[in-house]
Amino acid sequence: MFEAYKPKYKIGCLQPGAVIDVSPYEFYRLAPPNVMAVQIGLGLVEFSSQDVERIFAPLDKYLDQLMDRSVDLVMQNGVPLPILIGIEKHDRMIEHMHKRTGLPATTTVECVVKTATEFGVKKVAVVNKWTQEMNESLGRFFARGGTQIIGGATQSLHPTDFHKIDSGEHMELAYRLGKQAFLDNPDCDAVYIGGGSWIAEPVAQLLEEEFSKLVLCNQASVIRQVMKTLGGWAPRPGHSRVLSQA
């Protein structure tokens, strides 16, 4: 009787922060109907490999909790965590998540890199609030997908600081940095707005209109790649190119 209201797909998400706000807000605004995000907050406090190791220590417990909710796919959300631990540990983590659950497993950074590859992005400029070392690590993830970071516009902030920024101010910051990244890197094929703490999709749409180039965002890339993996992908008109193009 209520079949039309049941979730068709359930995505099991390991979220970096203890408090989860922007991610579900933007996910449900952009995702297709009948898709549910099942989220567990891990409680990341700082951008350090030690803190990432700490929050992933009980990984199997988190995965078992997601399995109890009958999810169809498991993923680690948030790009800072993988770039802090590096490619090798990232790959081992994804393989372990797959073996533990028997389900498809992925990460936000993997979804972003795959999307860049699909759109033929060879040169990307980055916009984020991460350190130089973190962006160098990010570059190694992009490189194995055939994409080179050629520059960007960044403003390094501590997690406790950027979570206090008003949502409107956060989007304005993303827009200013995105515009600067395009202007400073005219040869780029795309700009990547990294980070899940700001509402990035409206910024991406505005920048694409102004510069006629692709803008990559975490949430759009995740929805595109996850739905492709699960066989439920269809373009979502009215959004950025990542979501609106086949």
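Above this text is the structure in question.
Below you will find a few notes about this structure. Just so it is clear, the structure is predicted and the values come from calculations on it, not from any experiment.

Definitions and cut-offs
- Residue numbers restart at each chain and count upward from 1, following the sequence in its written direction.
- Whole-chain, interface and lining totals are the exception, using all residues; otherwise, since this is a predicted model, local features are given only for residues with pLDDT of at least 70 and side-chain atom pairs are given and counted only at 80 or more.
- Note: side-chain values were computed over all heavy atoms of the structure, leaving out hydrogens and water.
- We call two strands paired when DSSP finds no fewer than two bridges between them.
- Here a strand is any run of E in DSSP of at least two residues, a helix any run of H or I of at least four, and the numbering for each starts at the N terminus.
- Geometry is summarised by axes, namely lines fitted to C-alpha atoms with helices restricted to the contacting stretch, and by angles between N-to-C directions that run from 0 to 180 degrees.
- Between two residues, a contact is recorded if the distance between any of their heavy atoms is within 4.5 Å.
- The term nonpolar core refers to a set of buried residues drawn from Ala, Val, Leu, Ile, Met, Phe, Trp, Tyr and Cys, joined through side-chain atoms within 4.5 Å.
- Note on exposure labels: buried denotes an accessible area under 20% of the residue type's maximum, exposed denotes more than 50%, and partly exposed covers the range between, all computed with a 1.4 Å probe on protein chains only.
- Under the pairing criterion, centres of Phe, Tyr and Trp rings, with the six-membered ring standing for Trp, must be within 6.5 Å; the plane angle then separates stacked pairs below 30 degrees from edge-to-face pairs above 60, leaving the rest tilted.
- Two thresholds decide whether a charge sits over a ring: the Lys NZ or Arg CZ must be within 6 Å of the ring centre and within 35 degrees of the ring normal.

**Overview of the sheet that holds strand E1 (residues 9-15)**
Then comes step 1: Judged by pairing direction, the sheet is parallel, and its 4 strands sit side by side in the order E2-E1-E3-E4 without closing on themselves. A single partner strand is all that each edge strand has here, and the edge strands are strand E2 (35-41) and strand E4 (105-107). Averaged over all neighbouring strand pairs, the angle between strand axes comes to 25°, with direction disregarded.
Then comes step 2: Sheet topology places strand E3 (residues 73-76) next to E4; 3 bridges connect them, and they run parallel. What sits directly across from methionine 75, in E4, is threonine 106.
Then comes step 3: Across the sheet, helix H3 (residues 59-68) lies against E1, E2 and E3, angled at about 155° from E1, the strand it touches most.

**Describing the nonpolar core**
Then comes step 1: Counting 59 residues, the largest nonpolar core has Leu14, Met97, Leu138 and Tyr192 as the members making the most contacts within it.
Then comes step 2: With 6 residues, helix H11 (residues 218-230) is the largest single contributor of residues to this core.
Then comes step 3: What leucine 138 contacts, discounting residues up to four positions off in sequence, is Val79, Ile83, Val109, Val126, Asn128, Trp130, Ile149 and Tyr192.
Then comes step 4: Val127, Leu173, Ala181 and Trp198 belong to the second largest nonpolar core, which has 18 residues in total.

**Quick notes on the packing of aromatic side chains**
Then comes step 1: This model, assessed by the stated rule, comprises 3 aromatic pairs.
Then comes step 2: Taken together, a centroid distance of 5.3 Å and an interplanar angle of 90° make the contact between phenylalanine 27 and tyrosine 28 edge-to-face.
Then comes step 3: A ring pair is formed by phenylalanine 182 and phenylalanine 211, whose centres lie 4.6 Å apart and whose planes are at 20°; its orientation type is stacked. Residue phenylalanine 182 is located in helix H9 (residues 167-184), and its partner phenylalanine 211 is located in helix H10 (residues 201-211); the two are separated by 29 residues in the primary sequence.
Then comes step 4: In this arrangement the basic side chain of lysine 129 is found over the ring face of tryptophan 198, its NZ or CZ atom lying 3.9 Å from the centre.

**Concerning unusual backbone geometry**
Then comes step 1: Its identity is not glycine, yet serine 70 carries a phi of approximately 55°, on the positive side.
Then comes step 2: Mapping serine 70 onto the fold places it in the loop between H3 and E3.
Then comes step 3: Residue serine 70 is classed as exposed on the basis of its relative accessible area, which comes to 52%.
Then comes step 4: Unusually for a residue other than glycine, serine 212 sits at a positive phi of about 55°.
Then comes step 5: Mapping serine 212 onto the fold places it in the loop between H10 and strand E8 (214-217).

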